[in-house]
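Observations on the model geometry
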Amino acid sequence: MNEISFDWSVIDWADIWLATQDTLIMLGVSLGFTIVLGLPLGVLLYLLGPRQLLANKPAYAMLSFVVNALRSLPFVILLIILIPVTVKLVGTSIGVAGAIPPLVVGAAPFFARLVEAALREVDKGIVEASQAMGATLWQIVTRALLPEALPGLLAATTVTAVTLVSYTAMSGVIGGGGLGDLAIRFGYQRFQTEVMIVTVLALLALVQMLQMAGDWLVRRASHK
């Protein structure tokens, strides 16, 4: 019976570190844009929903359809479909810059749904009390809804960040850079199992750290 042996000398740790940095850059930038776009989208979905402050069935149905359509597309397909758009936006469809637009398009609708769900958990009595005191829509959203939903929003951000880690790995299919690209080019195409193992472990460690940090923030927010 043949024993499986590994040659760890084939690993270029400088490449691993550079790929890890690229993954962190993609994660940080795309998560930032996802929150900027997904948070107001989620708030709008909530406000347009049934029995809410701006209840509008046709508008909610149309917006919900768009969000669901984007969420239903497998990310690998979304990467390919958005290549022309990505090239126009950032000038390239490969590398770290080329991966960010599809990452945001893929994650923002997902985050928006999580935001909508978190806002629905807020006690309606708080909204009604704010209305009774003459608060404007902006004040109700910024001073009542969002603060009360903070633990849920932080949990949604954590889930989205973890999802983006897997998306950054998949972006390696089109040369998106990062650990996923390294795993595909060396671990898969050149049959360097050692590189594949290291990249997978690095991704697992990143996910664990994100989840632990997110859980800590949620606990802090819940105790306030």
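My aim in this report is to walk through the structure given alongside it, one point at a time. (Residues numbered from 1 in each chain as written. Predicted model: local features only at pLDDT ≥ 70, side-chain atom pairs only at ≥ 80, totals over all residues. Heavy atoms only, no water.)

So, about helix H5 (residues 95–120). Each α-helix turn comprises 3.6 residues. Residues three or four places apart therefore point the same way. Taking 1.5 Å of rise per residue, the 26 residues of H5 would be expected to cover 38 Å, and the 38 Å separating its terminal C-alpha atoms lies within 8% of that figure. Considering bend angle alone, the principal kink of H5 is centred on Ala107 and spans about 25°; proline Pro109 follows within four residues of it. When you tally the buried positions in H5, you get 19 out of 26 residues, the bulk of the element. (Helix = DSSP H or I, 4+ residues; strand = E, 2+ residues; numbered from the N terminus. Expected span 1.5 Å × (residues − 1). Bend = angle between axes of the 7 residues up to and from the residue. Buried < 20%, exposed > 50% of the residue type's maximum accessible area, 1.4 Å probe, protein only.)

Within the fold, Thr168 resides in helix H8 (residues 150–170). Apart from the residues lying within four places of it in its own chain, the contact partners of Thr168 are Thr23, Met26, Leu27, Leu103 and Gly177. (Contact = heavy atoms within 4.5 Å.)

With that settled, the discussion passes to the pattern of salt bridges. Tallied over the full model, the rule gives two salt bridges. One salt bridge in this structure joins Arg120 and Glu116, with 2.7 Å as the shortest N-O distance. With Arg120 and Glu116 both in helix H5 and four residues apart, this pair spans about one turn of that helix. Arg120 gets classed as partly exposed once you look at its relative accessible area, which sits at 46%. Look at Glu116 and you get buried, because its relative accessible area is 3%. Salt bridges sharing partners connect three or more residues here, namely Arg113, Glu116 and Arg120. (Salt bridge = Lys/Arg side-chain N within 4 Å of Asp/Glu carboxyl O.)

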